[in-house]
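Examining the three-dimensional arrangement
Spelled out, the chains give:
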Amino acid sequence: MGNFCGSQKNTNVRISLPAVCFVWQIAMIVLFGVFVRYNEESDAHWGEHKKAHNITSDIENDFYYRYPSFQDVHVMIFVGFGFLMTFLKRYSFGAVGFNFLIAAFGLQWAILMQGWFHSFDYATAKIYVGVENMINADFCVAGSLIAFGGILGKVSPVQLMVVALFGVTLYAVEEYIILTLLHCRDAGGSMVIHAFGGYYGLAISWVLYRPNLHQSKRLNGSVYHSDMFAMIGTLFLWMFWPSFNSAIANHGDGQHRAALNTYLSLAASVLTAVAISSMSQKTGKLDMVHIQNATLAGGVAMGTSGEFMITPYGSLIVGFCCGIISTFGYLFVTPFLESKLKLQDTCGIHNLHAVPGMLGGFVGAIVAATASESVYGKEGLSSTLGLEGSFANRSPGTQGGYQAAGTCVAIAFGLVGGGIVGLILKIPIWGDPADDNCFDDEVYWEVPEDEETIPPVLEYNNHMRHKQQELSASSFNIEQC
Amino acid sequence: MGNFCGSQKNTNVRISLPAVCFVWQIAMIVLFGVFVRYNEESDAHWGEHKKAHNITSDIENDFYYRYPSFQDVHVMIFVGFGFLMTFLKRYSFGAVGFNFLIAAFGLQWAILMQGWFHSFDYATAKIYVGVENMINADFCVAGSLIAFGGILGKVSPVQLMVVALFGVTLYAVEEYIILTLLHCRDAGGSMVIHAFGGYYGLAISWVLYRPNLHQSKRLNGSVYHSDMFAMIGTLFLWMFWPSFNSAIANHGDGQHRAALNTYLSLAASVLTAVAISSMSQKTGKLDMVHIQNATLAGGVAMGTSGEFMITPYGSLIVGFCCGIISTFGYLFVTPFLESKLKLQDTCGIHNLHAVPGMLGGFVGAIVAATASESVYGKEGLSSTLGLEGSFANRSPGTQGGYQAAGTCVAIAFGLVGGGIVGLILKIPIWGDPADDNCFDDEVYWEVPEDEETIPPVLEYNNHMRHKQQELSASSFNIEQC
Amino acid sequence: MGNFCGSQKNTNVRISLPAVCFVWQIAMIVLFGVFVRYNEESDAHWGEHKKAHNITSDIENDFYYRYPSFQDVHVMIFVGFGFLMTFLKRYSFGAVGFNFLIAAFGLQWAILMQGWFHSFDYATAKIYVGVENMINADFCVAGSLIAFGGILGKVSPVQLMVVALFGVTLYAVEEYIILTLLHCRDAGGSMVIHAFGGYYGLAISWVLYRPNLHQSKRLNGSVYHSDMFAMIGTLFLWMFWPSFNSAIANHGDGQHRAALNTYLSLAASVLTAVAISSMSQKTGKLDMVHIQNATLAGGVAMGTSGEFMITPYGSLIVGFCCGIISTFGYLFVTPFLESKLKLQDTCGIHNLHAVPGMLGGFVGAIVAATASESVYGKEGLSSTLGLEGSFANRSPGTQGGYQAAGTCVAIAFGLVGGGIVGLILKIPIWGDPADDNCFDDEVYWEVPEDEETIPPVLEYNNHMRHKQQELSASSFNIEQC
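Residues numbered from 1 in each chain as written. Chains lettered and ligands numbered in written order. Predicted model: local features only at pLDDT ≥ 70, side-chain atom pairs only at ≥ 80, totals over all residues. Heavy atoms only, no water.

With that settled, consider the overall build of chain A. Along the backbone of chain A there are 18 helices and 3 strands. In terms of overall dimensions, chain A is globule-like: its C-alpha atoms have a radius of gyration of 24 Å, near the 23 Å expected for 481 residues. Each of the three principal axes of chain A carries a C-alpha extent, and together these read 80 × 55 × 45 Å. Each of the 481 residues in chain A was classed as buried or not, and the buried ones make up 67%. As displayed, chain A offers around 14,500 Å² of accessible surface, 62% of which is attributable to carbon and sulfur atoms. (Helix = DSSP H or I, 4+ residues; strand = E, 2+ residues; numbered from the N terminus. Rg over C-alpha atoms; globule rule 2.2 N^0.38 Å. Buried < 20%, exposed > 50% of the residue type's maximum accessible area, 1.4 Å probe, protein only. Areas by Shrake-Rupley, 256 points an atom, 1.4 Å probe, with all protein chains shown as cover.)

Counting residues at the interface gives 87 residues for chain A and 84 residues for chain C. Carbon and sulfur atoms make up 72% of the area that chain A and chain C hide from each other, which totals about 7,300 Å². Summed over the three residues of chain A that lose the most area to chain C, namely Arg-14, Tyr-38 and Phe-100 of chain A, the buried surface amounts to 10% of that side. The interface formed by chain A and chain C contains 2 salt bridges. When the shortest N-O distance is used, the salt bridge between Lys-51 of chain A and Glu-379 of chain C registers 3.0 Å. (Contact = heavy atoms within 4.5 Å. Buried area = accessible area lost by both parts, 1.4 Å probe. Salt bridge = Lys/Arg side-chain N within 4 Å of Asp/Glu carboxyl O.)

On to empty space enclosed by the protein. Think of a ball as big as a water molecule: rolled over the atoms, this probe shows where empty space is left. With the rule as written, the count across this model stands at 6 cavities of 30 Å³ or more. Roughly 230 Å³ of volume is contained in the largest cavity. Surrounding the largest cavity, 21 residues form its lining, Tyr-64 and Pro-68 of chain A, Pro-68 of chain B together with Tyr-64 and Pro-68 of chain C being those nearest its centre. Elements that contribute at least two residues to the lining of the largest cavity include exactly α3 (62-84) of chain A, α3 (62-84) of chain B together with α3 (62-84) of chain C. A breakdown of the residues in the lining of the largest cavity according to their chemical character gives 18 nonpolar, 3 polar and no charged. (1 Å grid on protein atoms, 1.4 Å probe; cavity = no way out; pocket = protein on both sides within 12 Å on 5 of 7 lines; lining within 4 Å. Points joined across faces, edges and corners; volume = space filled by probe spheres on them. Nonpolar A, V, L, I, M, F, W, Y, C, P; charged D, E, K, R; others polar.)

Feature annotation in UniProt places "domain: Ammonium transporter AmtB-like" (unreviewed entry) on residues 63-427 of chain A, given in this structure's numbering. Here residues 63-427 of chain A runs as 73% helix and 2% strand, with 44 Å between its end C-alpha atoms. (UniProt positions renumbered as here; feature names shortened; annotations may be inferred.)

Let us now look at the interface of chain A and chain B. Between chain A and chain B, the contact holds 84 residues from the first and 88 residues from the second. Summed over both partners, the interface of chain A with chain B buries about 7,200 Å², with 72% contributed by carbon and sulfur atoms. At the junction of chain A with chain B, the criterion picks out 2 salt bridges. One salt bridge in this structure joins Lys-285 of chain A and Glu-442 of chain B, with 3.9 Å as the shortest N-O distance.

Residue and element names in this part refer to chain B. A rise of 1.5 Å per residue sets the reference length of helix α12 (residues 312-340), with its 29 residues, at 42 Å; its end C-alpha atoms lie 39 Å apart and thus fit the reference within 8%. Residue Gly-329 marks the point of greatest curvature in α12, where the axis turns by about 45°. Backbone geometry just after α12 places Lys-342 at a positive phi near 55°. (Expected span 1.5 Å × (residues − 1). Bend = angle between axes of the 7 residues up to and from the residue.)

Now for the domain arrangement of chain A. By the assigned domains, chain A splits into domain 1 (16-443) and domain 2 (453-481). Distance from the C-alpha centre of domain 1 of chain A to the C-alpha centre of domain 2 of chain A: 46 Å. (Domains from an automatic or database assignment.)

On to the side chain of Thr-234 of chain C, then. Mapped onto the fold, Thr-234 of chain C is located in helix α8 (residues 224-246). Since its relative accessible area comes to 0%, Thr-234 of chain C is described here as buried. In this structure the side chain of Thr-234 of chain C is engaged in a polar contact, spanning 2.9 Å, whose partner is the backbone oxygen of Gln-292 of chain C. Sequence-distant contacts of Thr-234 of chain C, defined by excluding residues within four places in its chain, comprise Phe-100 of chain A together with Leu-84, Ile-291, Gln-292, Thr-295 and Leu-296 of chain C. (Polar contact = N/O pair within 3.5 Å; in protein donor to acceptor, adjacent residues only side chain to side chain.)

Look at Lys-342 of chain B: it is not a glycine, yet its phi comes out positive at around 55°. What makes Lys-342 of chain B partly exposed here is its relative accessible area of 41%.

Time to look at the relation of the copies chain A and chain B. With an axial shift of 0.0 Å and an RMSD of 0.0 Å, the rotation relating chain A to chain B amounts to 120°. As the rotation angle and translation indicate, the two copies are arranged about a three-fold axis. Of the interface residues in chain A, just 12% have counterparts in chain B that sit at the interface too, so the contact is made through distinct surfaces. (Least-squares fit on C-alpha atoms with pLDDT ≥ 70 in both.)

Residues and elements named next belong to chain B. Among the structural elements, Ser-156 can be located in the loop between α5 (131-151) and α6 (157-181). Take Ser-156: its relative accessible area is 0%, and that puts it in the buried class. In the structure, Ser-156 is positioned 282 residues away from Cys-438 in sequence and 9.8 Å away in space, judged by C-alpha atoms. Aside from chain neighbours lying at most four places away, what touches Ser-156 is Trp-430, Gly-431, Asp-432, Pro-433 and Tyr-444. Of note is the side chain of Ser-156, whose polar atom sits 2.6 Å from the backbone oxygen of Trp-430.

Our next topic: the pairing of strand β3 (residues 126-129) of chain A. One face of the sheet, then the other: side chains in a regular strand alternate in exactly this way. All names here are of chain A. By the bridge criterion, 3 bridges tie strand β1 (residues 36-38) to β3 in an arrangement that is parallel. Bridging across to β3, Arg-37 finds its partner in Tyr-128. Here strand β2 (residues 120-121) runs beside β3; their pairing, made up of 2 bridges, is antiparallel. Note that in β3 the partner of Asp-121 across the bridge is Lys-126. Linking β2 back to β3 in an antiparallel pair, the connection comprises 4 residues, with Ala-125 at a positive phi of about 60°. (Pairing = 2+ DSSP bridges.)

In this section: the relation of the copies chain A and chain C. Relative to chain C, chain A is turned by 120° and slid 0.0 Å along the rotation axis, the superposed coordinates differing by an RMSD of 0.0 Å. Different-surface contact between copies: only 11% of interface residues of chain A are shared with the interface of chain C.

Here Leu-387 of chain A is to be found in the loop between α15 (378-385) and α16 (396-426). Ignoring sequence-local partners within four residues, the contact set of Leu-387 of chain A consists of Ser-382, Ala-392, Arg-394, Ser-395, Pro-396 and Gln-399 of chain A.

Residues and elements named next belong to chain A. Where helix α8 (residues 224-246) contacts helix α9 (residues 253-279), the two axes come as close as 8 Å, and the packing angle between them is 145°. In the packing of α8 onto α9, the handedness of the crossing is right-handed. From α8, Trp-238, Trp-241, Pro-242, Asn-245 and Ser-246 reach across to α9, where they touch Gln-255, Ala-258, Ala-259, Thr-262, Tyr-263, Leu-266, Ala-267 and Val-270. Residue composition of the contact of α8 with α9, grouped by class: 9 nonpolar, 4 polar and no charged. (Axes fitted to C-alpha atoms, helices over the stretch in contact; angles between N-to-C directions. Left-handed = near helix turned anticlockwise from the far one by under 90°.)

Glancing now at the sheet that holds strand β2 (residues 120-121) of chain C. Spatially, β1-β3-β2 (chain C) is the arrangement adopted by the 3 strands of the open sheet, whose pairing is mixed. On the outer flanks of this sheet lie β1 (36-38) and β2 of chain C, each paired with one strand and no other.

Here we take up the sheet that holds β2 of chain A. Ordered in space as β1-β3-β2 (chain A), the 3 strands form an open sheet in which the pairing is mixed. At either margin of the open sheet sits one strand with a lone partner, and together these are β1 and β2 of chain A.

Working definition: an aromatic ring pair is given by the centre-to-centre distance plus the angle between the planes. Under the counting rule described, the total for this entry stands at 86 aromatic pairs over all chains. A centroid spacing of 4.4 Å and a plane angle of 50° characterise the contact between Phe-78 of chain A and Trp-238 of chain C, whose relative ring orientation is tilted. Within this pair, whereas Phe-78 of chain A is found in helix α3, its partner Trp-238 of chain C is found in helix α8, the two belonging to separate chains. For Trp-238 of chain C, a relative accessible area of 1% translates into the label buried. Residues Trp-24 of chain C and Phe-105 of chain C carry aromatic rings whose centres are separated by 4.9 Å and whose planes lie at 35° to one another, so their mutual orientation is tilted. (Phe/Tyr/Trp six-rings, centres within 6.5 Å; stacked < 30°, edge-to-face > 60°.)

We now examine a nonpolar patch on the surface. Residues and elements named next belong to chain A. Side chains of Ile-26, Val-30 and Val-34 sit close together on the surface and give an oily, nonpolar patch of about 240 Å² of accessible area. With respect to the helices and strands, Ile-26 occurs in helix α1 (residues 16-35). A residue is classified by how much of its surface remains accessible, and Ile-26, at 42% relative accessible area, is partly exposed. (Patch = residues over 30% accessible without salt bridge, like charges linked within 9 Å, V, L, I, M, F, W, Y side chains within 5 Å.)

A separate point is the nonpolar core. If you look at the biggest cluster of nonpolar residues, it comprises 477 residues, and the most contacted ones within it are Phe-236 of chain A, Phe-236 of chain B together with Phe-236 of chain C. Residue contacts for Phe-236 of chain A: discarding those within four places in its chain leaves Val-75, Met-76 and Val-79 of chain A, Val-75, Val-79 and Phe-236 of chain B together with Phe-236 of chain C. (Core = buried A, V, L, I, M, F, W, Y, C linked by side-chain atoms within 4.5 Å.)

Have a look at this one:
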């Protein structure tokens, strides 16, 4: 088919894309060979470990606490994020395919980066991995996938690989600062995943501003069935968000409570998103953009406080507010960002991730600061807020301050890191599409010729079977200009 | 786009829909604030509770017994029910979007209603909630979603909110009568969910009969891809039904057996649904309506007896019969209901839920009545049939009688409740669509203009890119009449 | 609509399909009645069993170890395999519908066949079943579904039922030889599922070679949205493959390690599949066929060695190589097979299942042969390689030899069995489609008339609502020729 007639830019990635894939994958193999080993619970020595630690049953293996949640998170990463972005009429291959590519690369790099920071054993110089590392790697990748949403349709797959490489790296560092140095709690990642990922993507998108993007306007919208595919993404994200926020929470009540709070918060988001969406149209019609995105804001915002004793009605209040804020964002803030701040945010990650993530961080700070022994119990307070070991003397109020500081760190990392990565992506070697060629799968994909895109007079004749062959050929010529 | 040319009815929901969403969501927050708290297993005091009750491991938290099943049920409610109803060519947004809305509202109201009836602690005047309440809330909502299937395309979202409000309320009451007062067993809800929900929807649909619905006939059917979206719903319902029927069954063998029985029954349904579907066409072609629906009848019918010792071949027999009955329903009963009883049942809930649910209730009664200590063991008999505590003296035969009575209660609640709700919905304030405007997303949704719906002569010209802008405008005028 | 104009073959299955469904389903019921009972963990006597065996908690019921994995496997079988094959523009109903039919039949027959070989109790002459049998039945069916991929679009549903009947039978026998007699390890089925299923399908397809298949060439390809539906299948297979390979692995570290290894191997496959796909096109564009299929090769190849101590980087290497090999297969081997070997492999099962499965078997043999006590621990070595009981004296090297032999047995069973079944399918009684009628849902399905397939001049007039009825009728006549 060749590129779209009239496009001037070189979007050929035949050398760069395979080169990046091969070099990075080989690097992964080498680094895994040097550093990564099974941990005690995934190693064949588990039987001996069990005896040595008086573990009575295989069911105590962390696998059984976390694997069902891991699989739900995995679905969110690949089907959830992937299909959520398929709403564009002619960028569904790119949405789901590039999401697949960068997530598969990113999770390997995440296991290494997070391993060096969190699971590194200095005695043996090895990273020991198990099911929790798999969940954390998926989480880490989510930050870069969020950023993908801001630049959807405007970058090449090679650029996305760069976004993922730096995104995972930055994530591991900010996560280390927030969770280890500041000792914040953030089981569902309002701060480290959503606030970071959202601002990371916004900063990249701001640097990559395209003044002539309106030339691709015909493709920057949905059709009926692309909106339905996007709903698959929305619903799998929405349904499995309780698993996302509870996957690495404390065993027992921690996981239980995080799932319950998230379930409630998400339900409230749906009602307020629908309400604001309906209010915004003269006849009260609903807008699919809001239903696909703003309904999820309650899950984002419960990432930090989901494991806290925020109370069931507290969860509903958070979801209530975030559904409103997120929908207002789609109505007013995204157009404002584009026209005034020169920031083109394809999926509206500002409204779904950046702001609800930031709010979730501050809600977590408030809930932590107001925690008390009467509500949590003595043991519950220290284990839930992590006030154990060398942090045993930290008061809930102080912890709340650190939580707020952690949110700011995540935002700062996103903005500064995204700015730098954006500049790197401006180097004209990455094969990104021309302004009149964005949001179009034709650029990076072999797109099948749909019957319905054949000019209809030919299509009509097509029904006369005996003429089929010749006509196909002539329709092909027309398509080629 | 405005409403469809020629429609007389006022379908503007710009005030009513946001008002209902806001008022009800705020009511939920207030009521949750007054009544709902974490239970012992989701509260931060779990550590103390564990010690006090000699629970040795976090894995004994009910969360780990039930959460994987909960997530499967959650998928059935939102993706399963939602996508199953996307089969209509131009009502997919409404199917999946309104399903999302009323389920998200309904589950909150369900936690309250079921909490007052089942989990209310009179000492503290609180409802204590955990994972089992989440599952039960999803179950409760299912009753109203089934009813949605009967009136799909013919009501406004505000009416659906009313259907859910009353549906959940009625469900909680009938469930209290059936499970608590009559002390029936119904882990998978053949009676309380499917028989109730099915007859509830049928009664509403009967009251809302539209003699001129044929005016919307052009939209009351599927296209190729809408049938494929519906298959997503079918398959997720079919695959996860074993989780549905086992989610709140007894720990251990109860959950194990319910999953196994449902798995087998569903498999048999597929074969008989295919057989009858093929027999019904002159050349043996299959009808997607049957494949999408009747294959699920075996799961509905195992809701009550799934946890009983019905035996593997007993499960196959139930699935075998229900696949036949359900397909015959689609072939003969639905047309009969419409032409003779003036009952327009869009999705055929009569054949998928009402009748298989009722049969499932009676199968459960028979299996319970024939239970014996030799088959169940002494302990197994009392725990499986619930013949414990103040019901220890009830014989299996008597229990069977109560099960049959419970089925009748569920049907009665559905019919009477549905009749009343139908009358409420006839009040002309709800913004429902006109007869020539049913099954059309245009009424309540901002629908993107698909390329293929542009009149083809214009579409052809459209391929000449330089004329695009002006032509779009003129096509717009034509669409507007 | 009747059959396609010009087709000569009799594709009427109105008698044969219902007959096969009814007779086989009734046979299942009778055989289940004679042979199948609940096992100790799904029987109501579980409470007594628990006491007798000093099992302290219900959570030790095998259900809780395996049920979450079972549900993931179930999704792979029905949504994964079903939707993966929906890529053809007009065979999506057949892909997902026939997959549904033969899987639902096959799993019943599998429980019997595998039960007779593996779970048969000679004392009582009964097969006792529980969650592991459900997983194994799904696995067994997978072999036949793989074969379906090779003959997709070219056979009738009755022929597919025959493929499943013999496929399950052959599977149970080869599995008995490989796992019991040769005492191989193959938890994820590289050998018994993928190598067998792949060569079984290839042999059938070879026997059923159609020299004039080019007459259906217009339908042997995808359209934009059918490729998106196929991605649903791809992603659910990809995401849940860790559950597939770990579902019946040893409790504890076995399941944990199998999931981790598969997760890594699959990630590497994605990068190399993308790289080779991009290299193969002049401008570096990606081909959906490769993304949909070759990304999965790493999961297939880890089926045997997933539970071994292959090391994390070993898993990456396997995925790396198989992604390359599989994509090369799609680029060069499939066209070669068709032009030179007269083998028409619709889905390319040669590249996704046959070769990666065979490689997985040999990788497993090598990893087993090089196992040592220092790596596995004494206890870990014997339990992981199964060198227990009467096989306690077998060395890892010998075990490796048996693993290699097992792979050859699987391939031999596939080739010989497939050849025989292919000959059976050549008998002209099965209602298979004519050469110009393949890949077309019209043959076996009531296909809704899409708006876009109505000849466009009529479609245009259609927009004038008042003429609708008469025009529909006339368009109908044209369709009928």
